Amino acid sequence: MKNDYEKVRTSRNELEAILRIRGISKQRFGRILNIKGSTIEKYLDNPYHLRYYQMQRLANFLNIDVKDVIDIIEVDLKGEAIIVEGEDGFKAVKSILKLEISKDE
């Protein structure tokens, strides 16, 4: 299998890059997770919307651990918070690591 590294470089996020490296198309990704249509795009745009059982199915297919799939998704989280568009007055919970650092100071 020959990789097209330009497509890997232009991936939206780490999950899509991994899928492209492994040669998994959008259609096949949909079959693995048992999803269709716009849901495939939704999960590729925002992988943190994946449900745990879907992460487990993907991990089984890729022959990796579910924690590895979670780690792949966490790489792209911006500002260590997940913000769903349209939430009024959303306040992110500070990460535990930041809380521990501020206590030490």
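Residues numbered from 1 in each chain as written. Predicted model: local features only at pLDDT ≥ 70, side-chain atom pairs only at ≥ 80, totals over all residues. Heavy atoms only, no water.

Engineer: With reference to specific residues and values, describe the overall build of the protein.
Structural biologist: Counting secondary structure elements, the protein contains 7 helices and 0 strands. Taken from the N to the C terminus, the helices and strands of the protein come in the order α-α-α-α-α-α-α. Here the protein, with 105 residues, has 28% of them falling under the buried criterion. Summarising the internal contacts of the protein: among those between residues at least 6 apart in sequence, 40% fall at separations of at least 24. (Helix = DSSP H or I, 4+ residues; strand = E, 2+ residues; numbered from the N terminus. Buried < 20%, exposed > 50% of the residue type's maximum accessible area, 1.4 Å probe, protein only. Contact = heavy atoms within 4.5 Å.)

Engineer: Describe the side chain of Ser11, naming the residues involved and giving the relevant values.
Structural biologist: Structurally, Ser11 can be placed in the loop between helix H1 (5-9) and helix H2 (14-21). When its relative accessible area of 15% is taken as the criterion, Ser11 is described as buried. Not counting the four nearest positions on each side in its chain, Ser11 is found in contact with Glu16, Ala17 and Arg20.

Engineer: An account of the packing of helix H3 (residues 26-33) against helix H4 (residues 38-45) is needed here, citing residue identities and associated values.
Structural biologist: Where H3 meets H4, the closest approach of the two axes is 10 Å, and the angle between their N-to-C directions is 95 degrees. One element, H3, and the other, H4, form an angle in the roughly perpendicular class. Contacts between H3 and H4 pair Lys26, Phe29, Gly30 and Leu33 from the former with Ile40, Glu41, Tyr43 and Leu44 from the latter. Among the residues forming the contact of H3 with H4, the class breakdown is 5 nonpolar, 1 polar and 2 charged. (Axes fitted to C-alpha atoms, helices over the stretch in contact; angles between N-to-C directions. Parallel < 35°, antiparallel > 145°, perpendicular 65-115°, else oblique. Nonpolar A, V, L, I, M, F, W, Y, C, P; charged D, E, K, R; others polar.)

Engineer: Break down the packing of helix H5 (residues 52-62) against helix H6 (residues 66-74) for me, with residues and values.
Structural biologist: The relative placement of two packed helices comes down to the angle between their axes together with the axis-to-axis distance. For the pair H5 and H6, interaxial distance at closest approach is 8 Å and the crossing angle is 110 degrees. Between H5 and H6, the angle falls in the class roughly perpendicular. In this structure, H5 contributes Tyr52, Met55, Gln56, Leu58 and Ala59 to the contact, and H6 contributes Val66, Val69, Ile70 and Ile73. In terms of residue class, the contact of H5 with H6 is made up of 8 nonpolar, 1 polar and no charged.

Engineer: Please set out unusual backbone geometry residue by residue, giving values where relevant.
Structural biologist: With a phi angle near 60 degrees, Asn34 is a residue other than glycine that sits in the positive phi range. Position of Asn34 relative to the elements: it lies in the loop between H3 and H4. On the basis of relative accessible area, Asn34 is assigned to the exposed category, the value being 59%.

Engineer: Could you give me a rundown of H5, with the residues and numbers involved?
Structural biologist: Those residues of H5 that fall on the buried side of the exposure criterion are Gln54, Met55, Leu58, Ala59 and Leu62. Down the axis of H5, the buried set is contained in an arc of 140 degrees. They therefore lie on one face. Residues of H5 that are buried in the fold lie against H2, H3, H4 and H6. Positive phi shows up at Asn63, right after H5, with a value of about 60 degrees. (Arc of directions from axis to C-beta.)

Engineer: So what's going on with the environment of Leu50? Which residues, and what values?
Structural biologist: Among the structural elements, Leu50 can be located in the loop between H4 and H5. Sequence spacing of Leu50 and Ile70 is 20 residues, and the spatial spacing of their C-alpha atoms is 9.7 Å.

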